[in-house]
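# Observations on the three-dimensional arrangement
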Amino acid sequence: MYIYSWDILPPPLPLIPEILRLICENISLKSTLAALARTCRAFEYPALDVLWSDLDLEGFYPLAKCLPPHLWKEVALRNQGFGQITAAIVLRRALTSGDCVRLLRYAEKVQKFAFRQNTSTSKQVDISVLQGVQLAMQGAILLPNIRQLTWSSDKDENLPFIYMLMGPRLSYVDFSFRSDSIVPASLFPTLYDLCPSLKHVSFSFVTLGSNFKDDEKDTIQLISNSVSNMQNWQNLEVLCVPSLTSDALLRLSRLPTLRQLDLLRWRFGAVSPRVRTGGFPALNNVTIGTINALDCIPLLEMMDSSPIMKISLTFLKIQDAESYKRLFTAISEHCRHDTLKSFYSNDGHAERDTPSLPVGEPLNYESIKRLLVFRNLERLKMEVTRGFYLSDPLATKEMATSWTKIKLLTFYLPLMYRSQKQSTISLLDLLPFAEHCPNLVSLGLFFDASDPPSIDDQKPGNGVSQTALTDLYVGDSPAGFHIFISAFLSSCFPSLEAIETADSREVLSSDSEREDEEMGVNAQMWKSADELLWVFTGVRRQERLALM
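Residues numbered from 1 in each chain as written. Predicted model: local features only at pLDDT ≥ 70, side-chain atom pairs only at ≥ 80, totals over all residues. Heavy atoms only, no water.

## Digging into the pairing of strand β17 (residues 408–412)
The criterion, for reference: Per-residue accessibility, obtained with a 1.4 Å probe over protein chains only, is compared with the maximum for each type, and a residue is labelled buried under 20%, exposed over 50%, and partly exposed between these values. Each helix is a run of DSSP H or I of at least 4 residues and each strand a run of E of at least 2, with the numbering of both proceeding from the N terminus. Only strands joined by at least two bridges in the DSSP assignment are considered to pair.
Of all five residues making up β17, five are buried, and the element is well covered by its neighbours. Side chains Leu-408, Thr-410 and Tyr-412 project from β17 onto one buried face, and the interleaved Leu-409 and Phe-411 project onto a second face that is buried too. Direction of pairing for strand β15 (residues 379–383) relative to β17: parallel, over a ladder of five bridges. By the bridge assignment for β17, Glu-383 is matched with Tyr-412. Inspection of the sheet shows β17 paired to strand β18 (residues 442–444) by three bridges, in the parallel sense. Across the sheet, the residue bridging to Thr-410 is Gly-444, located in β18.

Here is the structure:
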């Protein structure tokens, strides 16, 4: 008797829901998840759970299509913000609670949701649909299991819909308001009453600028009062708000869980003396936006015992070398030297529309020398309107030997600006970075390359080679013969892929087709050196292979 192979197969193993869920979570295409849910009963529920868990890009559109088909229709609308035609769902008649049964079944699965008004997405939902659903639900929460909510709107009429999205399990909120109204601030005091599990709170007003109005100060006072009187914020890890008062900062400094603090429009320059004590025991990420660099110092004095790993500073006005020097002195005195790994700053956003160059001393090595105490620094990026110059050849050696773990070291010039004082260090002064910084990937410095080493020297870098560097920003540094420059750079940095100048950034940001016309002679020389890099790096690669 012939026995078929399937007669002796072992019985099928039971399908484990956790394994099916893991399989679905590793599928990136939503069309694949939908196909699994429709074709395999074992995968139906785990696939639907994953499919509906993230509506960060689609927003309310998929949920609106869960309403009975005869209750809605799609119409073509012109997007006011982007001038393109979009498809929008509108209602044919009013909704009842029975019309939302299917919608609610899938809404329970949503864990990540975003409401973005006036975006470039081609699928929108008319506000009448949101109004109809809210009334039909009689004030109930639409997304009871939501964990992450993003909201971006410029109309106050949309605000009431926030409450039907804020479930008790919500732990992440990111609110961005683009109107001049003070109404959205009323939402902040209610956050922790509605969502006691919040860990990440971002509450920003895009319209708050350098001219701080009285009603905007009242808004900051309202937010600060809510923070000062908080009772259930013990789980808070990230807080992003425009600004805070001294009392609110004092309350925050006692939180054992706060890891990140963003004050995007810091205006209360004076911090109370009783606040200037060691606090913020878990704080490792600080972002401050203010008018002048010196306004940051009182805040930094509060964080002398915090394990800060990242500092980001933005100044509306152009800063001089003395202000930077005092700021860096404060950072070196009040920030732990063993934890800081990333520092970023830029200045002059509110004054860059002026056609004239800023008057004053540019940033120099003496100003940033205070930062050399941070031996674990990995990223240092500064956009300095007045420019940055080096005159001492020993400066690059001190930076390289102090920041041996550095991965990104760049000093940028804003578009439309030029250095007021040229650096006098040469190409040879870049060698310490090749010798002491094996992890350096991106370098941006101003130096004098008008007299590069001759190509006759087969080892222009004395045999020193660093293979990690791929990007070099030179600003408006003087350039000499492009062949000699390419030969030197390819020898010391054989993996270098691109050389970027201040002119190339400016032209590429406006019209790449006019690049050759807009670039100056100096930038053209750098461009020629950049175009030769691939030839020289290929030769260096062959040389290394021949020695193996």
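## Observations regarding empty space enclosed by the protein
Spelled out, the test is: Every definition here rests on a 1 Å grid over the protein atoms only: cavities are sets of points where a 1.4 Å probe fits but cannot get out, pockets are open sets enclosed by protein on both sides within 12 Å along at least five of seven lines, and lining residues have some atom within 4 Å of a point. Grid points are joined across faces, edges and corners, and a volume is the space filled by probe spheres set on the points. In this classification, Asp, Glu, Lys and Arg are treated as charged, Ala, Val, Leu, Ile, Met, Phe, Trp, Tyr, Cys and Pro as nonpolar, and every other residue, Gly included, as polar.
One pass over the full model with this rule turns up one cavity of 30 Å³ or more. The computed volume of the largest cavity comes to approximately 40 Å³. Taken together, the residues of the lining of the largest cavity sort by class into eight nonpolar, no polar and no charged.

## With respect to the environment of Val-50
This is how the line gets drawn: In what follows, a contact means two residues having at least one pair of non-hydrogen atoms within 4.5 Å.
Counting through the fold element by element, Val-50 comes out in helix α3 (residues 41–53). With relative accessibility at 13%, the residue Val-50 sits in the buried group. Separated by 28 residues in the primary sequence, Val-50 and Leu-22 have C-alpha atoms spaced 9.6 Å apart. With near-sequence residues (within four places) excluded, Val-50 lies in contact with Arg-21, Cys-24, Glu-25 and Leu-33.

## Observations concerning helix α6 (residues 127–136)
Rules: Note that the arc is defined by the directions from the helix axis to the C-beta atoms.
Burial in α6 covers these residues: Val-129, Leu-130, Gly-132, Val-133 and Ala-136. Around the axis of α6, the buried residues are gathered within 165° of arc, so they sit on the same side. Immediately beyond the C-terminal end of α6, within one or two residues, lies Gln-138, with a positive phi of roughly 55°.

## Section: the environment of Asp-99
Heads up, the condition is: Whenever two N or O atoms come within 3.5 Å, that pair is a polar contact, provided that in protein one can donate a hydrogen and the other can accept it, and provided that, for residues adjacent in sequence, both atoms are side-chain atoms.
Locating Asp-99 in the fold gives a position in the loop between β3 (85–91) and α5 (101–107). Beyond its immediate stretch of four places on either side in the chain, Asp-99 contacts Leu-67, Pro-68, Leu-71, Arg-93 and Ala-94. Reaching out from Asp-99, the side chain makes a polar contact with the side chain of Arg-93 at a distance of 3.2 Å.

## Things to note about the packing of aromatic side chains
As a reminder of what qualifies: Under the pairing criterion, centres of Phe, Tyr and Trp rings, with the six-membered ring standing for Trp, must be within 6.5 Å; the plane angle then separates stacked pairs below 30 degrees from edge-to-face pairs above 60, leaving the rest tilted. Charges are assigned to positions over rings by a cutoff of 6 Å between ring centre and Lys NZ or Arg CZ, combined with an angular limit of 35 degrees from the ring normal.
Across all of its chains, the model carries 14 aromatic pairs by this definition. Here Phe-315 and Tyr-324 contribute two aromatic rings whose centre-to-centre distance is 6.3 Å and whose plane-to-plane angle is 70°, an arrangement assigned as edge-to-face. With centroids separated by 5.1 Å and ring planes inclined at 80°, the aromatic side chains of Phe-481 and Phe-484 adopt a geometry described as edge-to-face. Since its relative accessible area comes to 40%, Phe-481 is described here as partly exposed. With a relative accessible area of 22%, Phe-484 lands in the partly exposed category. Chaining the aromatic ring pairs together yields one cluster made of Phe-175, Phe-177, Phe-188 and Phe-203. Arg-105 extends its terminal NZ or CZ atom over the ring of Tyr-106, reaching a point 5.1 Å from the ring centre.

## A short note on unusual backbone geometry
Non-glycine residue Gln-138 carries a positive phi angle of around 55°. Look at Phe-280: it is not a glycine, yet its phi comes out positive at around 50°. Of the residues examined, Phe-280 reaches a relative accessible area of 0% and is grouped as buried.

## Some words on the packing of helix α2 (residues 30–39) against α3
Formally: Whenever a helix is involved, its axis is fitted only over the stretch in contact; in every case the axis is a line through C-alpha atoms, and angles between N-to-C directions fall within 0 to 180 degrees. By definition, any crossing whose near helix is turned counterclockwise from its far helix by less than a right angle is left-handed, and any crossing with a clockwise turn is right-handed.
Contact pair α2 / α3: the axes reach a minimum separation of 6 Å and the direction vectors enclose 145°. Taken as a pair, α2 and α3 cross one another with a handedness that is left-handed. Listed contacts from α3 to Lys-30, Leu-33, Ala-34, Leu-36, Ala-37 and Thr-39 of α2 are Arg-41, Phe-43, Glu-44, Ala-47, Leu-48, Val-50 and Leu-51. Residues that form the contact of α2 with α3 fall into these classes: nine nonpolar, one polar and three charged.

## A few points about the confidence of the model for the chain
To be explicit about the condition: The predictor's confidence in any single residue is recorded as pLDDT, a number from 0 to 100.
When pLDDT is averaged along the chain, the result is 82, and 81% of the positions lie at 70 or above. Within the model, pLDDT remains below 50 along residues 208–212, and this stretch shows 12 contacts once partners closer than five positions in the same chain are excluded. Low pLDDT, under 50, characterises residues 507–515; the stretch is placed with seven contacts to residues that sit more than four places away or in other chains.

## Regarding a nonpolar patch on the surface
This is how the line gets drawn: Patch membership needs two things, relative accessible area over 30% and no salt bridge, and members are linked within 9 Å if like-charged or within 5 Å if nonpolar (Val, Leu, Ile, Met, Phe, Trp, Tyr). Under the convention used here, a 1.4 Å probe and the Shrake-Rupley method define accessible areas, while residue burial counts only the protein chains that appear. Think of a salt bridge as a Lys or Arg side-chain nitrogen and an Asp or Glu carboxyl oxygen that are within 4 Å of each other.
Taken together, the side chains of Ile-16, Ile-19 and Ile-23 present a nonpolar region at the surface, about 250 Å² in accessible area. Among the structural elements, Ile-23 can be located in helix α1 (residues 17–25). For Ile-23, a relative accessible area of 40% puts it in the partly exposed group.

## Considerations on the pairing of strand β19 (residues 471–475)
Summarising burial for β19: four of the five residues are buried, a large majority. Examined bridge by bridge, β18 and β19 share three bridges and lie parallel to one another. Bridging from a neighbouring strand, Ser-442 pairs with Asp-471 of β19.

## Digging into the pattern of salt bridges
Tallied over the entire structure, the rule returns nine salt bridges. Two residues, Asp-49 and Arg-21, come together in a salt bridge whose shortest N-O distance is 3.8 Å. With Asp-49 in helix α3 and Arg-21 in helix α1, the pair connects residues that are 28 residues apart, well separated along the chain. Between Arg-93 and Asp-99 there is a salt bridge, and its shortest N-O distance comes to 3.2 Å. Overall, Arg-93 belongs to the partly exposed group, its relative accessible area being 38%. Residue Asp-99 is classed as buried on the basis of its relative accessible area, which comes to 11%. Ionic contacts of the salt-bridge type, sharing partners, join the residues Arg-21, Glu-25, Asp-49 and Lys-109 into one network.

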